[in-house]
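# Coordinate inspection notes
Each chain, letter by letter, is given below.
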Amino acid sequence: MDAREIVEILNEKGEVSLDTWKAISVKKNKDGTADILYRNLHVGTDDDPVFLWIYANVVEDDWDVRVLEKITFKREDIAWLLRYVVKKGEGL
């Protein structure tokens, strides 16, 4: 299943509306999952966009995509999160 098909299945299932969200990146993982990143077409600005990340299980045999996790965030949320990610070997 290619990236376009994954995005279309999620739209058809009502998991994410392509009228509201534009898929900007799909990364298929070796373990049968995929990371899909969307940008909101109506909320946010070019300088301050709103994103949706979906982590999904891609079931090739059933031609299905099952959402495991969804997170909506802004760019500033990532900057905040990265400040608190501890590098390997460092303590809090």
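## Things to note about the pattern of salt bridges
The final tally for this structure, using the stated rule, is 8 salt bridges. A salt bridge links aspartate 64 to lysine 13, with the nearest nitrogen and oxygen atoms 3.1 Å apart. Remark: lysine 13 occurs in the loop between α1 (3-12) and β1 (21-28) and aspartate 64 occurs in strand β4 (residues 64-74); sequence separation between them is 51 residues. Residue class for aspartate 64 comes out buried when judged on its relative accessible area of 17%. Across the pair lysine 70 and glutamate 15 runs a salt bridge, and its minimum N-O distance is 3.4 Å. Placement of lysine 70 in strand β4 and of glutamate 15 in the loop between α1 and β1 is noted, with a sequence separation of 55 residues between them. Residue glutamate 15 is classed as partly exposed on the basis of its relative accessible area, which comes to 27%.

## Things to note about the pairing of strand β3 (residues 49-59)
Look at any regular strand and the pattern is simple: side chains alternate between the two faces of the sheet. Extensive coverage of β3 is indicated by the burial of 8 of its 11 residues. Across 8 bridges, strand β2 (residues 33-44) lies against β3 in antiparallel orientation. Its bridge partner being in β3, threonine 33 is matched across the sheet by asparagine 57. Hairpin geometry of β2 and β3 is characterised by an intervening segment of 4 residues between the two adjacent antiparallel strands. Taken together, the 10 bridges between β3 and β4 define a ladder with antiparallel strand orientation. Within β4, the position partnered with tyrosine 55 by the bridge is glutamate 69. In this antiparallel pair of consecutive strands, β3 and β4, the connection spans 4 residues, and tryptophan 63 shows a positive phi of 55 degrees.

## Some details on the sheet that holds β4
The strands that make up a sheet pair up through hydrogen bonds in the backbone, lying either parallel or antiparallel. Strand order in the open sheet formed by 4 strands is β1-β2-β3-β4, with antiparallel pairing between adjacent strands. Either end of the sheet is taken by a strand with one partner, and the two such strands are β1 and β4. Each strand axis lies, on average, 20 degrees off the axis of its neighbour in the sheet, ignoring direction. Together, β3 and β4 form the strand contacts of helix α2 (residues 75-84), whose direction differs from that of β4 by roughly 85 degrees.

## Some details on α1
Since the α-helix turns once every 3.6 residues, residues separated by three or four places project in the same direction. When we look at burial in α1, the residues that qualify are Ile6, Val7, Ile9 and Leu10. Projection of α1 onto a plane perpendicular to its axis shows the buried side chains occupying an angular sector of 160 degrees, all on one side. In this structure, α1 carries Arg4 and Glu12 as exposed residues pointing more than 90 degrees from its buried face. Buried residues along α1 sit against β1, β2, β3 and β4. The N-cap residue of α1 is aspartate 2: its side-chain oxygen and the backbone nitrogen of arginine 4 are 3.2 Å apart. Of the residues flanking the end of α1, it is glycine 14, one or two places downstream, whose phi is positive at about 80 degrees.

Calculation criteria
Residues numbered from 1 in each chain as written. Predicted model: local features only at pLDDT ≥ 70, side-chain atom pairs only at ≥ 80, totals over all residues. Heavy atoms only, no water. Salt bridge = Lys/Arg side-chain N within 4 Å of Asp/Glu carboxyl O. Helix = DSSP H or I, 4+ residues; strand = E, 2+ residues; numbered from the N terminus. Buried < 20%, exposed > 50% of the residue type's maximum accessible area, 1.4 Å probe, protein only. Pairing = 2+ DSSP bridges. Axes fitted to C-alpha atoms, helices over the stretch in contact; angles between N-to-C directions. Contact = heavy atoms within 4.5 Å. Arc of directions from axis to C-beta. Polar contact = N/O pair within 3.5 Å; in protein donor to acceptor, adjacent residues only side chain to side chain.

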